[in-house]
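Next come the chains, spelled out residue by residue.
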Amino acid sequence: MNQHYTSGVLASLASQLTSRDRHLIRLVWTHKVLTSHQITRIAFNDPTTARHRLVKLHHISVLDRFRPQPPTGSAPWHYVLGQSGAAVLATEDGTDLAEFGYRPDRVLSVSHSQRLAHTVGTNDVFAHLYGTARHTSGCHLHTWWPERLCAIQWGTHVRPDAYGRWTENGQTVDFFLEYDTGTETIGRVVAKLDGYAALTTATEITTPVLFLTSSPRRESNLQERLQLRASQTSVPCATAVTSPCPHEAIWLPHDRRGTRLRLAELADHWHLPGARS
């Protein structure tokens, strides 16, 4: 039994949760933090309904939340897993809170992490693809692994920010995502292709690496360096500037000047078979 939660308390808590709630809190735990905007795209059709439900889930401690203070303007609420939510998930997994690995201080530490913007930005790509798949016929997000799961699977060679598999109108692509906020030097970003080349050799699977950059100037500088390194390592890669529509024609392959492709078109461009998962 979970600490501080009797069977009656857990049953009462569980009775207040819908299947959507359970799916949502699992996603929040998996991705560390999701904003109210991201949660709306992922799980709701109406922002007002989303706002009311999130207030309820926060009230019963299924979710916790914080609001960053940006230099200008305001930020949306950022949601993390609450202790009651952790108890529910632990029960579903047949374990207790200690074994589940939940600690409130550790969960909320993301609120003052220097990597918060990076984590939220990466999750925004996930939320937009997930939301697009919900509302668009022919689109499907088969897989999305955040950084932690990628590190477990491929950490010997690479530590991408995410791995995904996306289908649109019969075209499917699997990819690694490098979310570039501009804090690393161009040289260090480009050098990551060496690890991806080693992974390709070890697994005999070629997977494109997508670099999502913070500005057109940053992308231009990165493209110039990638064109040389990618040809040396035989790792296909593409760049784009952060966009609310990552599935659209925003991706510029390293070997295709001028013409941008939709996300799902990248596999055909490089004649890539299959997916990793």
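Residues numbered from 1 in each chain as written. Predicted model: local features only at pLDDT ≥ 70, side-chain atom pairs only at ≥ 80, totals over all residues. Heavy atoms only, no water.

(A) How the structure looks around the overall build of the protein. Check the secondary structure of the protein and you find 12 helices and 9 strands. Whereas a compact globule of 277 residues would reach a radius of gyration of roughly 19 Å, the protein reaches 20 Å, a difference of no more than 12%. Burial status across the protein gives 48% buried among its 277 residues. Considering only intrachain contacts with a sequence separation of at least 6, the fraction spanning at least 24 residues in the protein is 60%. Approximately 13,500 Å² of the protein is accessible, and the part contributed by carbon and sulfur atoms is 49%. Of the charged side chains in the protein, 28 are positive and 24 negative, and the gap between their average positions amounts to 5 Å. (Helix = DSSP H or I, 4+ residues; strand = E, 2+ residues; numbered from the N terminus. Rg over C-alpha atoms; globule rule 2.2 N^0.38 Å. Buried < 20%, exposed > 50% of the residue type's maximum accessible area, 1.4 Å probe, protein only. Contact = heavy atoms within 4.5 Å. Areas by Shrake-Rupley, 256 points an atom, 1.4 Å probe, with all protein chains shown as cover. Lys, Arg positive; Asp, Glu negative; His and termini not counted. Charge placed at Lys NZ, Arg CZ, Asp CG, Glu CD.)

(B) Layout of helix α11 (residues 216-233). Here α11 contains 18 residues, and its C-alpha end-to-end distance of 25 Å stays within 8% of the 26 Å for a straight helix at 1.5 Å per residue. Restricting attention to buried positions, one finds in α11 the residues Arg218, Glu219, Leu222, Gln223, Leu226, Ala230 and Thr233. The elements touched by buried residues of α11 are α10 (186-203), β7 (209-213), β8 (237-241) and β9 (252-253). Serine 234, located one to two residues past α11, shows a positive phi value of around 65°. (Expected span 1.5 Å × (residues − 1).)

(C) Fine view of the pairing of strand β3 (residues 78-81). The pairing of strand β1 (residues 34-35) with β3 spans 2 bridges and is classified as antiparallel. Each bridged residue has a counterpart across the sheet, and for threonine 35 the counterpart in β3 is histidine 78. (Pairing = 2+ DSSP bridges.)

(D) Structural view of the environment of lysine 32. Counting through the fold element by element, lysine 32 comes out in the loop between α2 (19-31) and β1. Residue contacts for lysine 32: discarding those within four places in its chain leaves Tyr79 and Val80.

(E) A look at the sheet that holds strand β4 (residues 139-146). Read from one edge to the other, the open sheet built from 6 strands follows the order β4-β5-β6-β7-β8-β9, with strand pairing classed as mixed. Two strands bound the open sheet, and with one partner strand each, they are β4 and β9. Relative to β7, strand β6 (residues 171-179) is paired through 4 bridges, and the arrangement is parallel. Looking at the pairing, glutamate 178 lines up with phenylalanine 211 of β7. Of the strands in this sheet, β4, β5 (162-168), β6 and β7 are in contact with helix α8 (residues 116-135), which crosses β4 at around 155°. (Axes fitted to C-alpha atoms, helices over the stretch in contact; angles between N-to-C directions.)

(F) Fine view of the sheet that holds strand β2 (residues 63-66). The 3 strands are arranged β1-β3-β2 in an open sheet whose pairing can be described as antiparallel. Whereas interior strands pair on both sides, the edge strands pair on one side only; in this sheet they are β1 and β2. Pairing of β2 with β3 involves 4 bridges; the strand directions are antiparallel. By the bridge assignment for β3, arginine 65 is matched with tyrosine 79. Together, β2 and β3 form the strand contacts of helix α4 (residues 47-59), whose direction differs from that of β2 by roughly 110°.

(G) Looking closely at the packing of α2 against α8. Between α2 and α8, the shortest axis-to-axis distance is 11 Å and the interhelical angle comes to 145°. Here the hand of the crossing between α2 and α8 comes out right-handed. Of the residues in α8, those touching α2 at His23, Leu27 and His31 are Thr119, Asn123, Phe126 and Tyr130. Split by residue class, the contact of α2 with α8 holds 3 nonpolar, 4 polar and no charged. (Left-handed = near helix turned anticlockwise from the far one by under 90°. Nonpolar A, V, L, I, M, F, W, Y, C, P; charged D, E, K, R; others polar.)

(H) Representation of the packing of aromatic side chains. According to the stated counting rule, one finds 11 aromatic pairs in the structure shown. With 6.3 Å between their ring centres and 50° between their planes, tryptophan 29 and tyrosine 102 make a pair best called tilted. Taken together, the residues span a long stretch of sequence, with tryptophan 29 in helix α2 and tyrosine 102 in the loop between α6 (97-100) and α7 (104-108) at a distance of 73 residues. Judged by its relative accessible area of 24%, tryptophan 29 is partly exposed. A connected cluster of aromatic rings, assembled from ring pairs, spans Trp145, Trp154, Tyr163, Phe176 and Tyr196. (Phe/Tyr/Trp six-rings, centres within 6.5 Å; stacked < 30°, edge-to-face > 60°.)

(I) Inspection of the nonpolar core at higher detail. Within the largest apolar cluster, 59 residues are counted, with the highest numbers of intra-cluster contacts made by Trp144, Trp166, Phe175, Trp251, Leu263 and Leu266. Here the element with the most residues in this core is α8; it accounts for 6 residues. Sequence-distant contacts of tryptophan 144, that is, excluding residues within four places in its chain, are made with His31, Thr122, Val125, Phe126, Leu129, Ala162, Tyr163, Gly164, Phe175 and Leu177. In this structure, Ile186, Leu199, Val209 and Phe211 belong to the second largest nonpolar core, which totals 19 residues. (Core = buried A, V, L, I, M, F, W, Y, C linked by side-chain atoms within 4.5 Å.)

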